[in-house]
Amino acid sequence: RFFPDNDFQADLIIKHAFNYTPLKKNRLTNIPKLVIWDLDNTLWEGILIEGDVELRTSIVQTIKHLDSIGIVNSLVSKNDFNNALSELKRFGLDEYFVYPKINWNPKSENIRALLQEINLLEQDVVFVDDSPFERADIRASFSEMIIVDQLTFPDLLIDIQLLDISIDETAVNRRVL
């Protein structure tokens, strides 16, 4: 029971709650094998269906760096596939993503299908999305997956010093294998 304004009484009933603890920068202790990105307001600023979008350069640099050290990138986004692919091609990024899941299905279904196709476990994956709702939904379905927002992730990678990991020929070409 709480009292907002003017001595009005209100009851608050909580039917479902998430135990949310903010991601600490040192939580990403293992190097991921796959990073799954959202598009709207994550990879780019804006919502594609509403008009023009603008790339977030820090995210693009992160994607290219991940690819160069053998960490695979993919997409799970609620969008029209052809429009999204056109934008990715226009930005020169379409080649960086494997098994993209761009449709109107729930993201949890798309991630489950992606993990089967690429043969990975959820603990080897990082999911990056701007939407607190989507992150909570994925967290409920994949308890061992690392789930972060689009602003946290590039800094998180630098903090675990992915810039200094050793790579070999197989890692560099992992996306095309």
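Residues numbered from 1 in each chain as written. Predicted model: local features only at pLDDT ≥ 70, side-chain atom pairs only at ≥ 80, totals over all residues. Heavy atoms only, no water.

Draft legend 1. Region of the structure containing the pairing of strand 4 (residues 72-78). Among the 7 residues of strand 4, 6 are classified as buried, and the element is accordingly described as predominantly covered. Sheet analysis places strand 1 (residues 34-37) next to strand 4, joined by 4 bridges and oriented parallel. Bridging from a neighbouring strand, Ile36 pairs with Ser74 of strand 4. Of the strand pairs in this sheet, strand 4 and strand 5 (residues 101-103) are connected by 3 bridges, and their pairing is parallel. Across the sheet, Val76 pairs through a bridge with Lys101, a residue of strand 5. With helix 2 (residues 81-90) bridging strand 4 and its parallel neighbour strand 5, the resulting β-α-β unit is right-handed. (Buried < 20%, exposed > 50% of the residue type's maximum accessible area, 1.4 Å probe, protein only. Helix = DSSP H or I, 4+ residues; strand = E, 2+ residues; numbered from the N terminus. Pairing = 2+ DSSP bridges. Right-handed = clockwise from strand over helix to strand, strands pointing away.)

Draft legend 2. Structural view of the confidence of the model for the protein chain. Per-residue confidence for the protein chain gives a mean pLDDT of 81, with 69% of residues at or over 70. Low pLDDT, under 50, characterises residues 18-27; the stretch is placed with 12 contacts to residues that sit more than four places away or in other chains. Across residues 159-164, where pLDDT falls below 50, the model places 9 contacts with residues more than four positions away in sequence or in other chains. (pLDDT = per-residue confidence, 0-100. Contact = heavy atoms within 4.5 Å.)

Draft legend 3. Geometry of the sheet that holds strand 5. The strand order across the open sheet built from 5 strands is 5-4-1-6-7, with neighbouring strands paired in parallel fashion. Lying at the two open borders of the sheet, with one neighbouring strand each, are strand 5 and strand 7 (146-148). Recorded for the sheet is a direction-independent mean angle of 20° between the axes of neighbouring strands. (Axes fitted to C-alpha atoms, helices over the stretch in contact; angles between N-to-C directions.)

Draft legend 4. Quick look at unusual backbone geometry. With a phi close to 45°, Tyr99 is a non-glycine residue in the positive phi region. For Tyr99, the position within the fold is in the loop between helix 2 and strand 5. We classify Tyr99 as partly exposed; its relative accessible area is 42%. Here Asn119, not a glycine, exhibits a phi torsion of approximately 60°, which is positive. Relative to the elements of secondary structure, Asn119 occurs in the loop between helix 3 (107-118) and strand 6 (125-128).

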